[in-house]
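If you want the building blocks of each chain, they are given just below.
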Amino acid sequence: MELVGYADRLSVAPGETIRFMVSCDRDTYRANLVRLIHGDENPSGPGFKERVVDSAVDGVYRGRAQLIFPGSCVIVPDSPVLGPLHELTLSTWIYPTLPGTGAQGIVTKWSAADGRGYGLMIDEDARLSFWLGEGDGNITRIASPAPLRPHEWCFVAVSFDAGRGRVLLLQEPLVVWPDDPTRLSTENLLPPNAIPWSSVPLIIGGYVESGTGDEPAIGGHFNGKIDAPRLFARALSLEELQASRDRAFDVDFSEEVVAAWDFGADAAGRRVVDRSPNGLHGRAVNM
């Protein structure tokens, strides 16, 4: 729509103030106060009728497009302890509700605008995926061979040792079926290299689409639930990941824990508490 807007309240009394938020694709637009007599344009009725009421609102205003970014996520401001890293592990519990409907960020430090950073994702084929990008147009995507099951809790993790080029992906559904093809771990090898670093914030439940600083545009929103995300500055082994699966905020790996977010610590507010000594607290957006 070329012109869209809304008021900050439904009604006001004489002498009170009301604000209008307007987004317009054109350079200018005109505003007038009117009394609406009849708004139905049905030809069987009396038609649209309004009466202009002279007011201080009347005039021409500069138009500007004001974008809306729906979707919820957690934004964690960038910090020196978030990188550059030589090893990392990302782990969390997820309950995906719409896998296979486009790429969705789980825990990411990824800028889609320049293809730089890293992130644990769900890819377009509903598979757990780990993305790496140096910002030169070459993006490495490593995906689990089996898609995630929707509407079920699953423990997911990626462990990456950049010096050895070793990537371990793990997905373990909470409910185990016999011969379950979605319960697996897979190991891949890459050429040894540093972990790509980006100055964008860390995002839980999406990734940075564009922009910088603490107010970027977020895309790739995760559909579902996320619980107990953690970031380690070491590539945990499969045995360590499995041991930590049900101990979200213990101190077994305290020296390597970069962040351990607890969504229940301040459930009534927007602050997402990091239980690690680093205090990388996040901010819930559109919660």
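These numbers come from a predicted model, not from an experiment. (Residues numbered from 1 in each chain as written. Predicted model: local features only at pLDDT ≥ 70, side-chain atom pairs only at ≥ 80, totals over all residues. Heavy atoms only, no water.)

Now for the layout of surface pockets. Counted as a void, the largest pocket has a volume near 670 Å³. In terms of lining residues, the largest pocket is bounded by 19 residues, among which Phe20, Ala31, Asn32, Leu33 and Val57 are the most central. Counting only elements with at least two residues in the lining of the largest pocket, the list comes to strand 1 (3-7), strand 2 (20-24), strand 3 (28-31) and strand 4 (33-38). By residue number, the principal contributor to the lining of the largest pocket is strand 1, which donates five residues. Each residue belonging to the lining of the largest pocket can be placed in one class, and the counts come to 15 nonpolar, three polar and one charged. Within this model, the second largest pocket holds a volume of roughly 470 Å³. Of all the elements in the fold, those that place two or more residues in the lining of the second largest pocket are strand 7 (73-76), strand 19 (224-232), strand 21 (271-274) and strand 22 (282-285). Ranked by the residues each element gives to the lining of the second largest pocket, the list is headed by strand 19, at four residues. Grouping the constituent residues of the lining of the second largest pocket by class yields 11 nonpolar, four polar and four charged. (1 Å grid on protein atoms, 1.4 Å probe; cavity = no way out; pocket = protein on both sides within 12 Å on 5 of 7 lines; lining within 4 Å. Points joined across faces, edges and corners; volume = space filled by probe spheres on them. Helix = DSSP H or I, 4+ residues; strand = E, 2+ residues; numbered from the N terminus. Nonpolar A, V, L, I, M, F, W, Y, C, P; charged D, E, K, R; others polar.)

What follows concerns the side chain of Ser23. Relative to the assigned elements, Ser23 resides in strand 2. Judged by relative accessible area, Ser23 falls into the buried class, the value being 13%. Among the polar contacts made by the side chain of Ser23, one reaches the main-chain amide nitrogen of Gln66 at a distance of 2.9 Å. (Buried < 20%, exposed > 50% of the residue type's maximum accessible area, 1.4 Å probe, protein only. Polar contact = N/O pair within 3.5 Å; in protein donor to acceptor, adjacent residues only side chain to side chain.)

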